[in-house]
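Survey of secondary and tertiary structure
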Amino acid sequence: MSADAPEELAVDVDALRKEVQNKYREVALDPHGAHHFHTGRYLARHLGYDDAFVASLPDAAVESFAGVANPFVSHPFSKGERVVDVGSGGGFDSFVAADLVGDSGRVVGIDMTPEMLAKSRQTAARMGCRNVEFREGYAEKLPVEDGWADVVISNGVINLCADKRATFQEIYRVLRPGGRLQFADIANGNPVPAAAMRNVDLWTA
Amino acid sequence: MLENIGFVDVTIGAAVDTFKGAGGEEKARKFAVYGYPFLARKPG
């Protein structure tokens, strides 16, 4: 496929969004339930996040964390940087970023699941975290102005986007020239059958 | 895909056994699924 050719999507964008919202609504409301992935403090430790910082956070800030690796290991953050967190969920990575960029920095978390947004906003308010805000939006249409971000982070989200090219193009748009993308995601070493790729139910199973 | 869009200096970090001990471990093993940190830069 050439860089300019339209990509044929394996699944319907809206159908996949609904499936993902259903799954992550469960993670917001019942973080300790039976999910096929780890969550919360156990997962943060498993992925190598700073133990002392994670311990300093209230349960609500950590319990719905469902990332897949640690995007912060790739490059250090600086005070004053502006960060966009694509698919911010319960806010865990946004709170980590907020601590790293300090009071002179700013973090905008973006999520499409109402229950996750409510949770992250309530937690930020309770923590008195004033350099973070959470906005409703899709990864393929980020509610952020062109070139605003020094850094874009994301964790376990882009694999759940039907149109990955649109998502990366949107991330490129919101980054300033010289800005960096630090994301964590899963990749498979063995091929997934085409029929499975077209089955929306399997994307979040 | 990242480079086609315009990103440069794309690097992939060490694999993490994300699903080890989780309910999804069996399926992850079948398809060799691991978590990775990625880094890329917008030229400027």
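These figures come from a predicted structure and were not determined experimentally.

Observations regarding the overall build of chain A
From N to C terminus, chain A includes 9 helices and 5 strands. When the helices and strands of chain A are listed from N to C terminus, the series reads α-α-α-α-β-α-β-α-β-β-α-β-α-α. In terms of overall size, chain A behaves like a compact globule, its C-alpha atoms giving a radius of gyration of 16 Å where 205 residues would be expected to give roughly 17 Å. Considered along the principal axes of its C-alpha atoms, chain A spans approximately 45 × 40 × 30 Å. Evaluated residue by residue, chain A yields a buried proportion of 45% over its 205 residues. Taking all contacts inside chain A whose residues are at least 6 apart in sequence as the whole, residues at least 24 apart take part in 73%.

A few points about the environment of D51 of chain A
Residues and elements named next belong to chain A. Along the chain, D51 falls in helix α3 (residues 51-56). Assessed through the 11 C-beta atoms surrounding it within 10 Å, D51 is described here as exposed. Between the C-alpha atom of D51 and that of T113, which follows or precedes it by 62 residues, the distance is 28 Å.

Regarding helix α7 (residues 164-174) of chain A
Within α7 of chain A the residues assigned to the buried category are T167, F168, E170, I171 and V174 of chain A. The buried side chains of α7 of chain A occupy one side of the element, clustering within an arc of 160° when seen end-on. Check the buried side of α7 of chain A and you find it contacts β1 (82-86), β4 (149-155) and β5 (175-188) of chain A together with α1 (2-5) of chain B.

Concerning the nonpolar core
Core analysis: the largest hydrophobic core is formed by 62 residues, its most contacted members being V83, V84, V86, A97, A149, V152 and V174 of chain A. The contacts of V84 of chain A, once residues within four sequence positions are left out, are V108, I110, L142, V144, A149, V152 and V174 of chain A.

A short note on the interface of chain A and chain B
How big an interface is tends to be expressed through the accessible area that disappears when the partners come together. With 36 residues of chain A at the contact, the number on the chain B side is 27 residues. For the side of chain A that touches chain B, the element with the most residues is β5 of chain A, which contributes 14 residues. Within the side of chain A that touches chain B, the residues separate by chemical class into 18 nonpolar, 13 polar and 5 charged. In this structure, β5 of chain A lies alongside strand β2 (residues 33-41) of chain B, joined through 9 bridges in antiparallel fashion.

Points about the packing of helix α1 (residues 13-29) of chain A against helix α6 (residues 114-127) of chain A
Residue and element names in this part refer to chain A. Close contact between α1 and α6 brings their axes to 8 Å; oriented N to C, the two are set at 30°. Judged on the interaxial angle alone, α6 and α1 are roughly parallel. Judged by residue contacts, Y24, R25, A28 and L29 of α1 engage E115, M116 and K119 from α6. Within the contact of α1 with α6, the residues separate by chemical class into 4 nonpolar, no polar and 3 charged.

So, the pairing of β2 of chain B
Of the strand pairs in this sheet, strand β1 (residues 8-12) of chain B and β2 of chain B are connected by 3 bridges, and their pairing is antiparallel. If you follow I12 of chain B over to β2 of chain B, its bridge partner there is F38 of chain B.

Focus: unusual backbone geometry
Residues and elements named next belong to chain B. A positive phi angle, close to 55°, is found at D9, a residue other than glycine. Tracing the sequence through the fold places D9 in strand β1. The exposure class assigned to D9 is exposed, which follows from the 12 C-beta atoms found within 10 Å. A positive phi is found at A32, a non-glycine position, where the angle reads about 55°. Here A32 shows up in the loop between α2 (25-30) and β2. With 12 C-beta atoms counted inside 10 Å, the residue A32 sits in the exposed group.

What counts as what
- Residues numbered from 1 in each chain as written.
- Chains lettered and ligands numbered in written order.
- Predicted model: local features only at pLDDT ≥ 70, side-chain atom pairs only at ≥ 80, totals over all residues.
- Helix = DSSP H or I, 4+ residues; strand = E, 2+ residues; numbered from the N terminus.
- Rg over C-alpha atoms; globule rule 2.2 N^0.38 Å.
- Buried ≥ 20, exposed ≤ 12 C-beta atoms within 10 Å, placed from the backbone.
- Contact = placed C-beta atoms within 7 Å.
- Arc of directions from axis to C-beta.
- Core = buried A, V, L, I, M, F, W, Y, C linked by C-beta atoms within 7 Å.
- Nonpolar A, V, L, I, M, F, W, Y, C, P; charged D, E, K, R; others polar.
- Pairing = 2+ DSSP bridges.
- Axes fitted to C-alpha atoms, helices over the stretch in contact; angles between N-to-C directions.
- Parallel < 35°, antiparallel > 145°, perpendicular 65-115°, else oblique.

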